[in-house]
Amino acid sequence: DPAIRMHAAFRGDDIASVVVVWRGDPSYLLVMGTAPAHQGHGIGAGLVSHALEVERAAGVSGIHLVASEAGARFYPRVSFELIARHGLWTVPSAG
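Read on for a plain summary of the structure.

What counts and what doesn't
- Residues numbered from 1 in each chain as written.
- Predicted model: local features only at pLDDT ≥ 70, side-chain atom pairs only at ≥ 80, totals over all residues.
- Heavy atoms only, no water.
- Pairing = 2+ DSSP bridges.
- Helix = DSSP H or I, 4+ residues; strand = E, 2+ residues; numbered from the N terminus.
- Right-handed = clockwise from strand over helix to strand, strands pointing away.
- Core = buried A, V, L, I, M, F, W, Y, C linked by side-chain atoms within 4.5 Å.
- Buried < 20%, exposed > 50% of the residue type's maximum accessible area, 1.4 Å probe, protein only.
- Contact = heavy atoms within 4.5 Å.
- Expected span 1.5 Å × (residues − 1).
- Arc of directions from axis to C-beta.

**Observations concerning the pairing of strand S3 (residues 27-34)**
When a strand is regular, its side chains alternate between the sheet's two faces. Relative to S3, strand S2 (residues 14-22) runs antiparallel, the two sharing six bridges. The residue of S3 that forms the bridge with Val19 is Met32. Connecting S2 to the antiparallel partner S3 that follows it, the hairpin turn spans four residues. Across two bridges, S3 lies against strand S4 (residues 63-64) in parallel orientation. The residue of S4 that forms the bridge with Tyr28 is His64. In this region the chain leaves S3, passes through helix H1 (residues 43-57) and returns to the parallel neighbour S4; the handedness of that crossover is right-handed.

**Focus on the sheet that holds S4**
Taken in spatial order, the four strands make up an open sheet running S1-S2-S3-S4, and their pairing is mixed. Each edge of the open sheet carries a strand with a single partner, namely strand S1 (4-11) and S4.

**Section: the nonpolar core**
Within the largest apolar cluster, 16 residues are counted, with the highest numbers of intra-cluster contacts made by Val19, Val48, Val78 and Phe80. Within the residue set of this core, elements represented by two or more residues are S2 and H1. With five residues, the single largest contributor to this core is H1. Filtering out sequence-adjacent residues up to four positions away, Val19 remains in contact with Arg5, Met6, His7, Leu29, Val31, Met32, Leu47, Val48 and Ala51.

**Section: the environment of Ser49**
With respect to the element layout, Ser49 can be found in helix H1. By relative accessible area, which is 29% here, Ser49 ends up partly exposed. Each C-alpha atom, one on Ser49 and one on Ala16, is 15 Å from the other, the two residues being 33 residues apart in sequence.

**What about H1?**
With 15 residues, H1 extends 21 Å between its outermost C-alpha atoms, agreeing within 8% with the 21 Å of an ideal straight helix rising 1.5 Å per residue. Ile43, Gly44, Leu47, Val48, Ala51, Leu52 and Glu55 are the residues of H1 that are buried. For H1, the buried positions fall inside an angular range of 170° around the axis, keeping them on one side. More than 90 degrees from the buried face of H1, the exposed residues found are Glu53 and Ala57. Buried-residue contacts for H1 involve S1, S2, S3 and S4. A positive backbone phi angle near 90° is found at Gly59, which sits one or two residues after H1.

Here's what the structure looks like:
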C-alpha cells in the first residue's frame, strides 16, 4: 500500500476536486480542494466521503485533518468533528 493516496474527481477533462491522504494509523487528510467552477455541486463532499471509505476499509483507526476556518462548515458535513483549534505560527520573511 502506498503511503500517499490521491483521489480525484473529474468533470469532462477538468479535475474538479482532489483529496490527498497520508496513509498511517491514524491517517491524515493532507489536502482537499475543489475548483471554484465546480464548488457547490457535492463533488468535494463525495470525494472526501469516498476517501474516508477507502481508509476505513483498509482498517485505519482514525482519520485526522488540520483545516482553516474556511473548512469549518464543510468538514462536519463529511463526518469530521472539531476536537481542537490551533493557531498558525510563522517566521516572518527577512527583508
